[in-house]
Structures are given as C-alpha cells and as structure tokens.
Amino acid sequence: MTALYDLADLPGRPCTIAAALELVGERWSLLVVREVSLGNHRFSDIARGTGAPRDRLTARLNALVAAGVLERRQYSDSPPRSGYHLTASGRDLLPVLQALLQWGDRWAAEEPPVRLTHAPEGSEEHTVDAEWVCRTCGKPVNSSRVERVLTPAGRALSGLPAEERHEH
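Described below are features of the structure shown in this document. What you see is a predicted model, and the numbers here were worked out from it, not measured in a lab.

**Here's the deal with the environment of Arg27**
Next, step 1: Relative to the helices and strands, Arg27 resides in helix H2 (residues 27-37).
Next, step 2: Overall, Arg27 belongs to the exposed group, its relative accessible area being 56%.
Next, step 3: Sequence separation between Arg27 and Glu125 is 98 residues, and the spatial gap between their C-alpha atoms is 31 Å.

**Brief notes about the nonpolar core**
Next, step 1: Ranked by internal contacts, the top residues of the largest apolar core, which has 21 residues, are Val32 and Leu70.
Next, step 2: Elements with a minimum of two residues in this core: H2, helix H3 (43-50), helix H4 (54-66) and strand S2 (80-86).
Next, step 3: Of the residues forming this core, the biggest block, six residues, is contributed by H2.
Next, step 4: Residues within four places of Leu70 in sequence aside, it is in contact with Val32, Val36, Leu61, Leu64, Val65, Tyr84, His85, Leu86 and Thr87.

**Observations concerning the pairing of strand S1 (residues 70-77)**
Next, step 1: Two strands pair when backbone bridges link them, and S1 and S2 are joined in this way by seven bridges, in the antiparallel orientation. Note that in S2 the partner of Leu70 across the bridge is Leu86.
Next, step 2: With antiparallel pairing between neighbouring strands as the criterion, S1 and S2 make up a hairpin whose turn holds two residues.

**So, the state of the cysteines**
Next, step 1: Enumeration over the complete set of coordinates arrives at zero disulfides.
Next, step 2: Unpaired in terms of disulfides, Cys137 finds its nearest cysteine sulfur in Cys134, a separation of 3.7 Å.

What counts, and where the lines are drawn
Residues numbered from 1 in each chain as written. Predicted model: local features only at pLDDT ≥ 70, side-chain atom pairs only at ≥ 80, totals over all residues. Heavy atoms only, no water. Helix = DSSP H or I, 4+ residues; strand = E, 2+ residues; numbered from the N terminus. Buried < 20%, exposed > 50% of the residue type's maximum accessible area, 1.4 Å probe, protein only. Core = buried A, V, L, I, M, F, W, Y, C linked by side-chain atoms within 4.5 Å. Contact = heavy atoms within 4.5 Å. Pairing = 2+ DSSP bridges. Disulfide = S-S within 2.5 Å.

Shape is all these values report; function is a separate question.
Below is the structure:
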C-alpha cells in the first residue's frame, strides 16, 4: 500500500513537498532509507546504523512499509524473519539523500566523513554531486530561471478555474 495525501487536508500552501514530508520528513525515516540503501536490511543492522531507539525504529519501519517506500522480504523460515528492501519509491529518495549529504558537507559539518564517487568504465574516479539538471535538454538549471506553473490540481486547490484562460 502507498500512502497518498489529499493535499487539501494538509496545512498551509497545497504542495507535494508537504505531502512528502508527511511520509518521510521525520529524521529516522530518511536514516532508515540511507541504511537500507547501504545494504543493511536486518533490523539490528538498521538500528546500529541509525542509532534510533528500538520502538521508534519499529514505528518508522512499519510506516515506511505502509507508505510503499520499503518492502519486507522473508529471509528465514525458522524463526520467521524478514529484511527490509527499497521499493521503486524508496530508490527515488536516493537523490534526496545525496542532496542532503552535499548540503550537510557544506553547511553542517567541519569535515565530511564520506564522499560519493563515480568511476565510469575506462575513466578515473570523480566526485558525484547533486545538481539541478533539466531532463529535456540536459543543461544545469539556475533556480532563477525556474517558473512555478500551477497544474489543474494546483489550480483547483487554490480555488482557481481548472484551466487558465488567455484573453486575446
């Protein structure tokens, strides 16, 4: 099951950022996603990597499974035990973690403890960073050149007609 939010029920400006934060905006949620992405699938390994209290970790894991970010996969029949794995939804959070890592390296830590690298076949290793790139043209995007356009859903939530009317 994937948790979807009625944006009209969320406080403030109708926004999918607010809905996303309802799902994964709590500290332990993103740290769980980090740990599972690093290959830690068992509860004990996730607990050790996150430092989360066991009761909070249990609650976060259950919420992330209910939201469709993680899935449980049984790895033992006797006793029955399951590990946690990222779904497509969970894998789509990895660039968010990368952006938080890059921001934290710059603004939250004196010395970054890790860095992300990439070594394409036949090339030297280089640092990976989160960059805002247009999917269509592939060019880096400057935030001053981004326009916010209301979709029909956004127009309805804002009390505007579903379609923008153009006067000639």
